[in-house]
Every structure is written in structure tokens, then in C-alpha cells.
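Descriptive structure summary
Residues per chain are reported as follows:
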Amino acid sequence: SQQGEEDPQALSIQEGENATMNCSYKTSINNLQWYRQNSGRGLVHLILIRSNEREKHSGRLRVTLDTSKKSSSLLITASRAADTASYFCATVNSGNTPLVFGKGTRLSVIA
Amino acid sequence: DTGVSQDPRHKITKRGQNVTFRCDPISEHNRLYWYRQTLGQGPEFLTYFQNEAQLEKSRLLSDRFSAERPKGSFSTLEIQRTEQGDSAMYLCASTYQGASTGELFFGEGSRLTVL
């Protein structure tokens, strides 16, 4: 089963604009992770945020976590055509459980 | 290249045939995961190993599926009597397990097409 639900399912923006993707989940988590997947390729880890953290930055990425609302957002600033990919959130429910992925947001950045 | 390696990258087979996929994880990683992904969906967990022990299997893993990780190194995923519904990308990932599940390192996947 898939716990996370990303929103929107698809997003199309112009190069240079910011892209925001949201993820909602159902149960308590240990941490939440975001991954990127180019078409037909494997997934690449972007960032991990723990349940006791509220915000994290990595380069042009900003992730927030609101455990009271069971939601997270991924912001990509100053998007580039190379950011075109699918983005997935994944949750860890307790210490050693496997990652549970959402269905993803397909981002298209138009040059 | 010290990343996760999967073989073959593509496999086309006829319904009823058996197929086997291999995954070579990053060498120091003790945990290895198999996921399945269909078009437009996120990866779905199938099974995982810690060293050579298979610790959890999803209900998605029917009795036609079997996975092994002999000696805690590479892993194989075998699908017997393939069905058209088995067509998917099979993803392998590895990690060094600490106190909680952290970043997974994925291979490029093995795409299966069952005709």
C-alpha cells in the first residue's frame, strides 16, 4: 500500500519559477524522504527530514514537515529544465520499517 | 562504478516463462530492498534483506516470487510462471542500516515485459 499522496499529480512551470509539491501521509512517521526519478531510471535521494524537524534546506531544495497535519512540502527554487522529473515522498513509520512511497508528482520545467 | 547494479536492464519474456533478476548492492551496505514500480505509480515494497536474512515480505510477493541473498552480498529475484500483470520495473536499493531507515541508494532497475 502507498501511504504518501503527492499533490499535484502533475505540474508544469517555466524555467526560473519555483515549484512546490506537497505530500500527505496517514500514520505517525520516524522520518520522511524525498526522491527524484528521471523517466525510466532509478530513484535518487534528495533530502531526509526527521519527525522532530520542521524545515530543512539543501541547495535549491527546501523541505518542510508538519507532523500535526501529517504533511510535507518540497520547494525547488529557480527551477531549471534539468529538474524535469517525477518527485516522490516516502515515509518511514518506525525505526526499521521499509520506505513507503507515494504516487509522485510529475514536474515539467519548460525552457 | 560503486553504485547499485542491476541486471538485466530489460527483459522481454513470454507468459509462463521464468525470469531472474540480479542486484549487486553497494559493498558495505547490509540492507537490500526490492521494489516494483508500474507506469505512473510510485515504487511498491516487495521484500528486504539484512545481510542474508530475509526480514519482511509484502503481500504483493505471491508464491511465484522468490528472493535470495546468499552470503549477504548480491541478491536475486525470481519470478516463476510469469503473467502479464508482472510487467513492471523491478528496482533494487541498498543502504547501511543504522537506528532507522535512512537514505536508499537505488539501481537503474530491471524492466520486465511479459507478452
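Located above this text is the structure these notes cover.
Scope of this entry: the structure provided in the associated data block. (Residues numbered from 1 in each chain as written. Chains lettered and ligands numbered in written order. Predicted model: local features only at pLDDT ≥ 70, side-chain atom pairs only at ≥ 80, totals over all residues. Heavy atoms only, no water.)

A closer look at the side chain of Thr64(A)
All names here are of chain A. Topologically, Thr64 is positioned in strand β7 (residues 61-66). Taking relative accessible area as the criterion, Thr64 reaches 18% and is therefore assigned buried. Of note is the side chain of Thr64, whose polar atom sits 2.6 Å from the side chain of Ser73. (Helix = DSSP H or I, 4+ residues; strand = E, 2+ residues; numbered from the N terminus. Buried < 20%, exposed > 50% of the residue type's maximum accessible area, 1.4 Å probe, protein only. Polar contact = N/O pair within 3.5 Å; in protein donor to acceptor, adjacent residues only side chain to side chain.)

Some words on the nonpolar core
Grouped together as the largest cluster of nonpolar side chains are 20 residues, with contacts concentrated most on Met21(A), Leu32(A), Trp34(A), Leu74(A), Ile76(A), Tyr87(A) and Leu107(A). Only β3 (19-24), β4 (31-37), β5 (43-50), β7, β8 (71-76), β9 (85-92) and β11 (105-110) of chain A provide two or more residues apiece to this core. Not counting chain neighbours up to four residues away, the residues in contact with Met21(A) comprise Asp7(A), Trp34(A), Ser72(A), Ser73(A), Leu74(A), Ile76(A), Tyr87(A), Thr105(A) and Leu107(A). Phe65(B), Ile79(B), Ala88(B) and Val114(B) belong to the second largest nonpolar core, which has 19 residues in total. (Core = buried A, V, L, I, M, F, W, Y, C linked by side-chain atoms within 4.5 Å. Contact = heavy atoms within 4.5 Å.)

Some words on the interface of chain A and chain B
Each partner contributes to the interface: chain A provides 23 residues, whereas chain B provides 27 residues. Both sides of the chain A and chain B interface together cover about 1800 Å² of buried area, and 47% of this is carbon and sulfur. On the chain A side of the interface with chain B, the three residues burying the most area are Leu43(A), Asn96(A) and Pro98(A), jointly 28% of the side's total. Where chain A meets chain B, there are one salt bridge. (Buried area = accessible area lost by both parts, 1.4 Å probe. Salt bridge = Lys/Arg side-chain N within 4 Å of Asp/Glu carboxyl O.)

Notes on the packing of aromatic side chains
Scanning all chains against the criterion turns up eleven aromatic pairs over all chains. Ring geometry for Phe21(B) and Tyr90(B): centres 5.5 Å apart, planes at 20°, overall stacked. Pair noted here: Phe21(B) is in strand β3 (residues 19-24) and Tyr90(B) is in strand β9 (residues 88-95), with a separation of 69 residues, a long-range link. Ring geometry for Phe45(B) against Tyr48(B): centres 6.0 Å apart, planes inclined by 55°, an arrangement best described as tilted. You'll find Phe45(B) and Tyr48(B) in the same group, each marked buried. An aromatic cluster is built from Tyr35(A), Phe101(A), Tyr33(B), Tyr35(B), Phe45(B), Tyr48(B) and Phe106(B), whose rings are joined through pairwise contacts. Above the face of the Phe74(B) ring, Arg22(B) is positioned so that its terminal group lies 3.9 Å from the ring centre. (Phe/Tyr/Trp six-rings, centres within 6.5 Å; stacked < 30°, edge-to-face > 60°. Lys NZ or Arg CZ within 6 Å of the ring centre and 35° of its normal.)

Re the state of the cysteines
All names here are of chain B. Under the defined criterion, the tally for this structure stands at two disulfides over all chains. Two residues share a disulfide in this structure: Cys23 and Cys92, whose sulfurs sit 1.9 Å from each other. Judged by the torsion about the S-S bond (-70°), the Cys23/Cys92 disulfide is left-handed. Taken together, the residues Cys23 in strand β3 and Cys92 in strand β9 connect sequence positions 69 residues apart. We note that Cys23, like Cys92, is buried. (Disulfide = S-S within 2.5 Å.)

Observations concerning the sheet that holds strand β1 (residues 5-7) of chain B
All names here are of chain B. One open sheet holds the four strands; their spatial order is β1-β3-β8-β7, and the pairing between them is antiparallel. Every other strand in the sheet has two partners, leaving β1 and β7 (65-68) as the edge strands with one partner each. Pairs of neighbouring strands in the sheet enclose a mean axial angle of 15°, with direction left out of account. (Pairing = 2+ DSSP bridges. Axes fitted to C-alpha atoms, helices over the stretch in contact; angles between N-to-C directions.)

Some points on the sheet that holds strand β6 (residues 55-58) of chain A
Residue and element names in this part refer to chain A. The strand order across the open sheet formed by five strands is β1-β3-β8-β7-β6, and the pairing between neighbours is antiparallel. If you trace the sheet from one side to the other, it starts and ends with β1 (5-7) and β6, each paired once. Each neighbouring strand pair of the sheet contributes to a mean axis angle of 15°, computed without reference to strand direction. Sheet topology places β1 next to β3; three bridges connect them, and they run antiparallel. For Glu6, the partnering residue across the bridge sits in β3 and is Cys23.

Honestly, that's just the spatial picture; any functional story needs more than this.
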